[in-house]
Amino acid sequence: MLPAHITEPLERLNRVYFSDPGRTISIAKGEMLVAQGEECHRLYLLQEGALVAYRQAETIGGTDLPTAMARKHEVFRAGPGSYVCVQAFFSRTYHSSNDIVAVEDTKLAYIDDTTPAVDETSYGSVEHQFIPVLMHELAARNIRMFSHATEKEEAQRLLQRAEMAATLGQLSAGIAHELNNAVGVITRRTEFVAEHMAEFLAEEDKLNARLFRYGYEDTAFTAASELRTLARKYERELNLPQPAAKVLAHIIPDTKTLVKFGPDFVRHVKFNYKFWELGHDLRDMQVAAKHATGIVRAVKLLGGGNSTRQDEVNVIESVNDAMNLLTNKLKRITVETALKPCPAITADLTELVQIWTNIINNAYDAMVQANTPAPTLRIATDSFTAEGMHLLPTEYVRVSISNNGPTIPEEIHDKIFHPNFTTKKLGLDFGLGLGLSIVRRLVDSYNGTIELTSTDGETTFTINLPTSQIHGKD
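Just so you know, these numbers come straight off a predicted model, no measurement behind them.

How each quantity is defined
- Counting starts from 1 at the beginning of each chain's written sequence and moves along it residue by residue.
- Note on the predicted model: pLDDT of at least 70 is required for a residue's local features to be given, and 80 or more for side-chain atom pairs to be given and counted; whole-chain, interface and lining totals, by contrast, use all residues.
- Where side-chain values are given, they derive from all heavy atoms of the structure, hydrogens and water being excluded.
- A run of DSSP states H or I qualifies as a helix once it reaches four residues; a run of E qualifies as a strand once it reaches two. Both are numbered from the N-terminal end.
- Exposed residues in this analysis have more than 50% of their type's maximum accessible area, buried residues have under 20%, and partly exposed residues fall in between, with area computed by a 1.4 Å probe over protein chains only.
- Here, two residues are considered to be in contact whenever any of their heavy atoms come within 4.5 Å of each other.
- The criterion for strand pairing is that DSSP finds at least two bridges linking the strands in question.
- Axis definition: a line fitted to C-alpha atoms, limited for helices to the stretch in contact. Angles are taken between N-to-C directions and run from 0 to 180 degrees.
- Identification of polar contacts relies on pairs of N or O atoms within 3.5 Å, with a donor-acceptor requirement for protein atoms, meaning one able to donate a hydrogen and the other able to accept it, and with residues adjacent in sequence counted only if both atoms are side-chain atoms.
- Salt bridge, as used here: a side-chain nitrogen of Lys or Arg that lies within 4 Å of a carboxyl oxygen of Asp or Glu.
- Stacked, edge-to-face and tilted are the three classes for Phe, Tyr and Trp ring pairs, Trp counted by its six-membered ring, which pair at centre distances within 6.5 Å; planes under 30 degrees apart are stacked, over 60 edge-to-face, the rest tilted.

A.B. asks: Lay out the environment of Ala289 in plain terms, naming residues and giving numbers.
C.D. replies: Within the secondary structure, Ala289 is located in helix α10 (residues 274-302). Judged by its relative accessible area of 6%, Ala289 falls in the buried class. Along the sequence, Ala289 and Thr187 sit 102 residues apart, while their C-alpha atoms lie 6.0 Å from each other. In this view, Ala289 contacts Val183, Ile186 and Thr187; residues no more than four positions away in its chain are not counted.

What follows is the structure, encoded as C-alpha cells:
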C-alpha cells in the first residue's frame, strides 16, 4: 500500500483531471489502444479492465532479418488505477514505445496536450502537478523490471540445470555400458576364483576349506564394538594374535559355542586365519560388484529404466549386504539392529541394497558433519498387513533406519527427496543430491511408501514394501 503523501496527490489528480465523462474511451478485449511508434498525445488513467504492453526490437542483432520477424516481448501489465502512455506524454515526443493491447474489456479516462492546468496558482503547471504520477510510475516500472529480470535469471538457471541434466543423461549411457562390462568381468572372475579355491582346499586341507567357507558364507552383520570386545577376550584367554582373534570372533559368537568347535580348530585358526579372510574378501568383492551394477541400474531408473525382479528375495540379507559394504564407516559409530524375521518379497536384491545404502550413508554423514556425541544408527525390520493399492489385504515388509544426528527441519522434508537437493557441505565427501531422489523413485516403483520423522534426538526413515508385485516391473 502506498503512503498517504503519494496517494492523496494521486487521488486529487484523478478527481480533478480524469472525472470528465466526455474524456473516456472503451476498448474491447484484444483491441489495440496504441501501436509501437504511433503518435500518442494522451495520458490515460485505466479505470476498468486490464492492458498489456509489448515491445518489438527495432533490429535483430547480428542479422539482416526484417524487423517484423523480431519477437515481441511483454514490458508490463496495467490494471485499474494505472497510468498509460506516461513517457510519451510527458517527454513531449508523443510516440508510444510499446504496443498496448486490452486483455479484458477496458475503460480509460484521459487528458491530452490541450488540457489546461487546474489550480495552477496553488499547484503549478500540469507537469509539476503530475510529478507524483511520474515518480509513482517510475517506481512501479522499476519494480516490474526487477521482477522480470529475476524471473528471467531464474528461468536461465533452470535451463542451465536442465541442460546439465541432459548432458549427464547422455554421458551416463556410455559410462553405464563401460561400467557394466568392467563389473561383469569382476563378477565372473570372482565367482570362478571362489569356486575353484573351494574345490582346491576341499582336496588339500579340510580345515582350511572350512575356514574359507565360513568367510565366504559370512553374511551376518555384527557391530564393530561387539566384535572388538569378543576379539580382545579371545586374544587374551586363548593367546591368539590379534588378526586370528578377530576372525574367531566372526566365526564363534560366544565361549559356549567355542567349546563345540574344540581346541584343534582354535589352534588351526591361530595359524591359518587368512583362509577365512580370503573367503570373506571374495564374498565382499561379489557383493560390491552386484552393488555397482545396482547403482548403474538405479541411475537409469531416474530416466525410467527397467529392472529385473525375482520372487523370494530376503530383505534382511539385503540389509546385511548394505551394512557390510559400509563396514569402514559403521565401525566408527554404534550400530544397533533388531532384524525380526519377515516374509520374502518380490524384488531386485541390488535395488534393495541401494535403498538401504543411501539412507545409512546419509545418516552417517549427517552425524559426522554435526559432530553428534555417541553417534548411533538403529536398523529394524518387521512386517504387517494393510490395504494395498486395490484395497485388498496386502502383506508389507517394514524397514526402519534411525539415527541420533541433527533434526531435519520440517520445511525441507519433501525437498530432500528432490534431485539436486543436498544438505552436505562441499568437501571430500560432498553430496550430489541424487541419493534420496533415487531411493524415492525405487520405493515408488515397488508401490511402497517412505516416511520421514525427525524430532529432537532421532531421525527415522521408514520404508514399507509390499511382498508381492502384482503390477510391478518384470
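A.B. asks: Please set out the sheet that holds strand β4 (residues 51-56) residue by residue, giving values where relevant.
C.D. replies: Pairing is antiparallel in the open sheet, where 4 strands are placed in the order β2-β7-β4-β5. Looking along the sheet, the strands with just one partner apiece sit at the ends: β2 (32-34) and β5 (72-78). When strand polarity is set aside, the average angle formed by the axes of neighbouring strands in this sheet is 30°. For β2 and strand β7 (residues 99-102), the ladder comprises 2 bridges, and the chain directions are antiparallel. Note that in β7 the partner of Val34 across the bridge is Ile100.

A.B. asks: Requested: an account of the pairing of strand β14 (residues 449-455), with residues and values cited.
C.D. replies: Burial along β14 is one-sided: Ile450, Leu452 and Ser454 are buried, and none of Thr449, Glu451, Thr453 and Thr455, which face the opposite way, are. In this sheet, strand β15 (residues 458-466) lies alongside β14 in antiparallel orientation, the contact comprising 7 bridges. Bridge pairing in β15 places Thr449 opposite Asn464.

A.B. asks: Quick one: what's the story with the side chain of Ser454, residue by residue and with numbers?
C.D. replies: Structurally, the position occupied by Ser454 is in strand β14. Overall, the relative accessible area of 14% leaves Ser454 in the buried class. Engagement of the side chain of Ser454 in a polar contact is seen with the backbone nitrogen of Ile408, the distance being 2.7 Å. Side chain to side chain, Ser454 and Thr459 meet in a polar contact 2.7 Å long. Residue contacts for Ser454: discarding those within four places in its chain leaves Pro406, Thr407, Ile408, His413 and Thr459.

A.B. asks: Just give me the short version of the pattern of salt bridges, but keep the residues and values in it.
C.D. replies: By the definition in use, this model includes 10 salt bridges. Among the salt bridges present, the one from Lys329 reaches Asp365, with a minimum N-O distance of 3.5 Å. Taken together, the residues Lys329 in helix α12 (residues 327-330) and Asp365 in helix α13 (residues 349-369) connect sequence positions 36 residues apart.

A.B. asks: Mind laying out the packing of aromatic side chains, listing which residues take part and the relevant values?
C.D. replies: Per the stated rule, a full pass over the model turns up 11 aromatic pairs. Plain terms: the ring middles of Phe18 and Phe130 are 6.2 Å apart, the flat faces sit at 85° to each other, and that makes the pair edge-to-face. Remark: Phe130 occurs in the loop between α4 (126-129) and α5 (131-204) and Phe18 occurs in the loop between α1 (4-17) and β1 (24-27); sequence separation between them is 112 residues. For Phe18, a relative accessible area of 4% gives the class buried. For Phe130, a relative accessible area of 0% corresponds to the buried category.

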